[in-house]
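# Close look at the chain arrangement
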Amino acid sequence: MRKRLALCLLALALLSMTGCGRKKTADPLTVTLWHVYGGEVDSPLNGLIEQFNSTIGAEQNIRVKVELVSNSGSIHKSVLAAANNDPGAPSLPDMFASYPKTVLALPDRDILVDYRDYFSEEELEKFIPAFVEEGQVNGRQVILPLAKSTEVLFVNRTLFDRWAADSGAGYDELATWEGIYALSERYAADTGKCFLVNDYHFNYFQVGVTSMGEDFFQNDAVRFGAAFERAWKPYAHAALEGGVWLQDGYATESLRTGDTIVSVASSASVLYYSDTVTYPDNTSEQVSIAAMPYPVFEGGERLVMQRGVGMCTMKSTPEREQACITFLKWLTEPERNVEFVTGLGYMPVTREAFDTYLPAAVERLSDPMYASLYETYLAMQEAYTFYYPPQMENYLELETRFENLSRLKLMAGRVQYSEGTGTADELVRDTLESFRSDFGA
């Protein structure tokens, strides 16, 4: 018994010594993220981040933490406020979603990692070239593509079909801008409501003018040539007649209330379209929303905006930077990237993901709206050329002024037309001249 007791005491002593000598596992290195992919709770990225944190992250003692989920405009403002040390501004995260215009507006662009320090040429060549090129600023790869979108036409088929049964309108008329604006005027006359809402007026003119063979920009300014006038006339005429929505806000809002039935918006906004319309009297009905290719001008090139933010990484320490890169490389692996983007209405960013994994993923989509979007997207990929804006120091300022001023001029013209102080043709000319004069001032 004494021998057994001695052996037990010895074993306990050895266990105690082993426990004291064991090195405590360090807390994981946590890197923070601001992104635009869905809502705080239902973001499709949430599950993937949890998967990363519990697998590769756990193995390498890395944890990704989402600090903010918002839209690109809000993140743009927050990034600039933080970078400029504005009072009350939050600290910059380790990674944030960004367009080139945000990078160009930074007071110091050298605070961002150049991804060529972490990705080999062979790795970068796996990405679709145009997606990578858009993220190059002053010769540095400061934005990495994670998911890309474009602009498409969303149609409330339920309300369109109901009106078409009486008016004779057809879906083929939605293929061109000329057809859409003609329908907008007819719809406004029949119903007293707007037909079309366009999220990005600046993009409409930029892409439209370029598609007609003219330069939209000249010497860091907007060029008001013959193609611009051609794009303005039907747009303004339909707006004066009440067929185009001119209020602020996103296109999804007016479709939810039935105030419009057709929108031109980012394909990624599919996340926010609802299959229920709620009217001002609080009645509601189920509707079917479908996607169609981006409209073109008759005789113009099939051109469409390449959209979608990429990810910037802040310079910090080698360990923090490498942790971010580990996560970004994991998220852009082909099969995983397809899983990510098809939950968002985006397209993947590498050749292998697009060619090998996307077609099979599209066949598995059960939501009719998403299936419609991807059929539209695949058709556009074959028939359209993707365009992205030039990198200009004043691009954001031009975009903001253009959006606000064009809407204000046409809203004022709409009031004049409603009051009978001018014909539609007269006011189309007047609004163009007034816009051109004030915008150039």
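Provided above is the structure to which this section pertains.
Anyway, here's the lowdown on the structure attached to this text. (Residues numbered from 1 in each chain as written. Predicted model: local features only at pLDDT ≥ 70, side-chain atom pairs only at ≥ 80, totals over all residues. Heavy atoms only, no water.)

Turning our attention to the overall build of the protein chain. Counting secondary structure elements, the protein chain contains 18 helices and 18 strands. Overall size of the protein chain, expressed as C-alpha extent along the three principal axes, is 110 × 50 × 40 Å. Surface accessibility of the protein chain: about 20400 Å² in total, with carbon and sulfur atoms responsible for 50%. With 37 positive and 61 negative side-chain charges, the protein chain shows a spacing of 10 Å between the two charge centroids. (Helix = DSSP H or I, 4+ residues; strand = E, 2+ residues; numbered from the N terminus. Areas by Shrake-Rupley, 256 points an atom, 1.4 Å probe, with all protein chains shown as cover. Lys, Arg positive; Asp, Glu negative; His and termini not counted. Charge placed at Lys NZ, Arg CZ, Asp CG, Glu CD.)

In this section: the state of the cysteines. As enumerated under the stated definition, the model contains zero disulfides in all. Not part of a disulfide, Cys312 finds its nearest cysteine sulfur in Cys324, a span of 12 Å. (Disulfide = S-S within 2.5 Å.)

Reading across from one edge, 2-1-3-17-6 is the order of the five strands in this open sheet, with mixed pairing throughout. Both edges of this open sheet fall to strand 2 (62-69) and strand 6 (144-145), since each of them pairs with a single strand only. Inspection of the sheet shows strand 1 (residues 29-35) paired to strand 3 (residues 95-98) by two bridges, in the parallel sense. Looking at the pairing, Trp34 lines up with Phe96 of strand 3. Most of the contacts of helix 4 (residues 72-83) go to strand 1, to which it runs at about 125 degrees, and overall it touches strand 1, strand 2 and strand 3. (Pairing = 2+ DSSP bridges. Contact = heavy atoms within 4.5 Å. Axes fitted to C-alpha atoms, helices over the stretch in contact; angles between N-to-C directions.)

Each pocket or cavity is described by its volume, and for the largest pocket that value is around 1400 Å³. Taken together, 50 residues line the largest pocket, and the ones lying closest to its centre are Ser72, Gly73, Tyr200, Tyr250 and Arg307. Where the lining of the largest pocket is concerned, the elements lending two or more residues are helix 4, helix 5 (100-105), helix 12 (251-256), strand 12 (262-266), strand 16 (303-307) and helix 17 (395-418). Here the residues of the lining of the largest pocket sort into 21 nonpolar, 18 polar and eleven charged. Approximately 250 Å³ is the volume attributed to the second largest pocket. Around the second largest pocket, the lining residues are Phe119, Glu123, Lys126, Phe127, Lys329, Thr332, Glu333, Pro334, Thr350, Arg351 and Glu352. A per-class count over the lining of the second largest pocket returns three nonpolar, two polar and six charged. (1 Å grid on protein atoms, 1.4 Å probe; cavity = no way out; pocket = protein on both sides within 12 Å on 5 of 7 lines; lining within 4 Å. Points joined across faces, edges and corners; volume = space filled by probe spheres on them. Nonpolar A, V, L, I, M, F, W, Y, C, P; charged D, E, K, R; others polar.)

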